[in-house]
Amino acid sequence: MLAFSIRRILVAIPTLLIVLTITFVLIRIAPGDPAEVRLGDYASKEAVEALRRQMGLDRPMWVQYLEALKGLLQADFGRSIINGRPISGDLKRALPYTIQLTLFGIIFGALFGIPTGVYSALRRNTLTDYIGRTLSLGGLSIPSFYLGILLMLVFSIHIPLFPVVGGGDIHDLADNLYHLFLPGLTLGLVMTAYVTRMTRSSVLNTLNEDFIRTARAKGLSERKVIYKHLLRNALLSIVALIGVYSIILTGGSVMVEIVFSRPGLGRMMIGALKQRDYTTLQAVMIVFATFVVLINLIADLIYGLVDPRVRRK
């Protein structure tokens, strides 16, 4: 298992390097100049050029890239080229809110999606199955930001139970969970829809395997067939696909944070994008890429624990 884990970690390193390179190039070739954005449309060319030199944007791109790579290796994201503040400080303040939101959505989706998918598959083509499939299809069809607005209208405007905006005090657990519930429920319902349909499909495929028919022919109780044979084998594909959908959920958290005005990485990224703050936007994209790599790594490790054959490959 140790060798398997080391191989997965070594694969993650070049992945982050590729993401840094692509992000760096795309941000700098995108339209818009940070100096012009900061000074306004009526600034003189001399003032814009002076500010560009001050920001370090007049240097060759490869020099800027090497500096960004050096900072990343030292876990130093540098300073914002717009306000001059250390980016690491802003990331430390925003990161907990995004981690909370993403974890809430993943856990909620797994806790409710897996049982619902299994129950729906075991009662295929019944009313229960039709209801489960319809609700999951609805969850897949509704964009996360629109679902968030609907939940906000119901539970914040018409029934004032939860706050409309904000992330709460990160040091106050009750206040933090109070502000987390609605945005977390938004992502959780989307994740539940993904997991339900994927679990149902996986269980149905496993039900058609020969070893399930053999277990039933041996006279095992339905309970043992389901828990000992069916779920154990269906869990393999479920774990892999939950990792994939968790990555999709990480991207969806950006829109949810904007809808609920949570002080997380999503709002930080949009603010940097509007101001053409290259260094901040680059840092946020690297953090999101690290999330994706970590989720993939965790999914691979869990998959290796569940299926020993993977570790031996």
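Residues numbered from 1 in each chain as written. Predicted model: local features only at pLDDT ≥ 70, side-chain atom pairs only at ≥ 80, totals over all residues. Heavy atoms only, no water.

J.: Talk me through helix 7 (residues 144–158); I want residue IDs and the actual numbers.
T.: In an α-helix, one turn spans 3.6 residues; hence positions three or four apart end up facing the same way. In this model, helix 7 (15 residues) spans 20 Å end to end at C-alpha, consistent with the 21 Å of a helix rising 1.5 Å per residue. Along helix 7, the helix axis deviates most sharply at Met152, where the bend reaches about 30°. Inspection of helix 7 places Ser144, Leu147, Gly148, Leu151, Met152 and Ser156 among the buried residues, and these make up the whole buried set. Residues of helix 7 that are buried sit in contact with helix 8 (173–207) and helix 10 (222–259). (Helix = DSSP H or I, 4+ residues; strand = E, 2+ residues; numbered from the N terminus. Expected span 1.5 Å × (residues − 1). Bend = angle between axes of the 7 residues up to and from the residue. Buried < 20%, exposed > 50% of the residue type's maximum accessible area, 1.4 Å probe, protein only. Contact = heavy atoms within 4.5 Å.)

J.: An account of the pattern of salt bridges is needed here, citing residue identities and associated values.
T.: Evaluation of the coordinates by the stated rule reveals four salt bridges. Bridged by salt links that share partners, the residues Arg85, Asp90 and Arg93 form one connected network. (Salt bridge = Lys/Arg side-chain N within 4 Å of Asp/Glu carboxyl O.)

J.: Account for the packing of aromatic side chains, with residues named and values stated.
T.: The tally for this structure, following the rule as stated, stands at five aromatic pairs. Each ring, one from Phe162 and one from Tyr178, has its centre 5.9 Å from the other, and the planes form 40°; the classification is tilted. On the criterion of sequence distance, the pair formed by Phe162 in the loop between helix 7 and helix 8 and Tyr178 in helix 8 is long-range, its members being 16 residues apart. Through a chain of ring-to-ring contacts, the aromatic side chains of Phe104, Phe108 and Phe112 assemble into a single cluster. (Phe/Tyr/Trp six-rings, centres within 6.5 Å; stacked < 30°, edge-to-face > 60°.)

J.: Describe the side chain of Ser156, naming the residues involved and giving the relevant values.
T.: Position of Ser156 among the secondary structure elements: in helix 7. There is a polar contact of 2.9 Å between the side chain of Ser156 and the backbone oxygen of Phe162. Each residue touching Ser156, except ones within four places of it in the same chain, is listed here: Leu151, Phe162, Pro163, Val164 and Leu182. (Polar contact = N/O pair within 3.5 Å; in protein donor to acceptor, adjacent residues only side chain to side chain.)

J.: So what's going on with unusual backbone geometry? Which residues, and what values?
T.: Glycine aside, residues mostly have negative phi angles, and peptide bonds mostly take the trans form. In this structure, Asn125 is a non-glycine residue whose phi angle is positive, near 65°. Take Asn125: it is sitting in the loop between helix 5 (87–122) and helix 6 (127–141). Look at Ser261: it is not a glycine, yet its phi comes out positive at around 50°. On the secondary structure map, Ser261 appears in the loop between helix 10 and helix 11 (265–275). We classify Ser261 as partly exposed; its relative accessible area is 28%.

J.: Go over the packing of helix 7 against helix 10, please, and point to the residues and values.
T.: Contact pair helix 7 / helix 10: the axes reach a minimum separation of 8 Å and the direction vectors enclose 35°. In the packing of helix 7 onto helix 10, the handedness of the crossing is right-handed. Contacts between helix 7 and helix 10 pair Ser144, Phe145, Gly148, Ile149 and Met152 from the former with Gly252, Met255, Val256 and Val259 from the latter. Residues that form the contact of helix 7 with helix 10 fall into these classes: six nonpolar, three polar and no charged. (Axes fitted to C-alpha atoms, helices over the stretch in contact; angles between N-to-C directions. Left-handed = near helix turned anticlockwise from the far one by under 90°. Nonpolar A, V, L, I, M, F, W, Y, C, P; charged D, E, K, R; others polar.)

J.: Describe in detail the layout of surface pockets, supporting the description with residues and values.
T.: Within this model, the largest pocket holds a volume of roughly 440 Å³. Together, 23 residues line the largest pocket, and Glu67, Ala68, Phe77, Gly78 and Thr279 are the ones closest to its centre. Elements represented by at least two residues in the lining of the largest pocket include exactly helix 1 (2–29), helix 4 (61–73) and helix 12 (278–306). Counting residues per element, the lining of the largest pocket draws most heavily on helix 4, at six residues. Its residues placed into classes, the lining of the largest pocket shows 10 nonpolar, seven polar and six charged. (1 Å grid on protein atoms, 1.4 Å probe; cavity = no way out; pocket = protein on both sides within 12 Å on 5 of 7 lines; lining within 4 Å. Points joined across faces, edges and corners; volume = space filled by probe spheres on them.)

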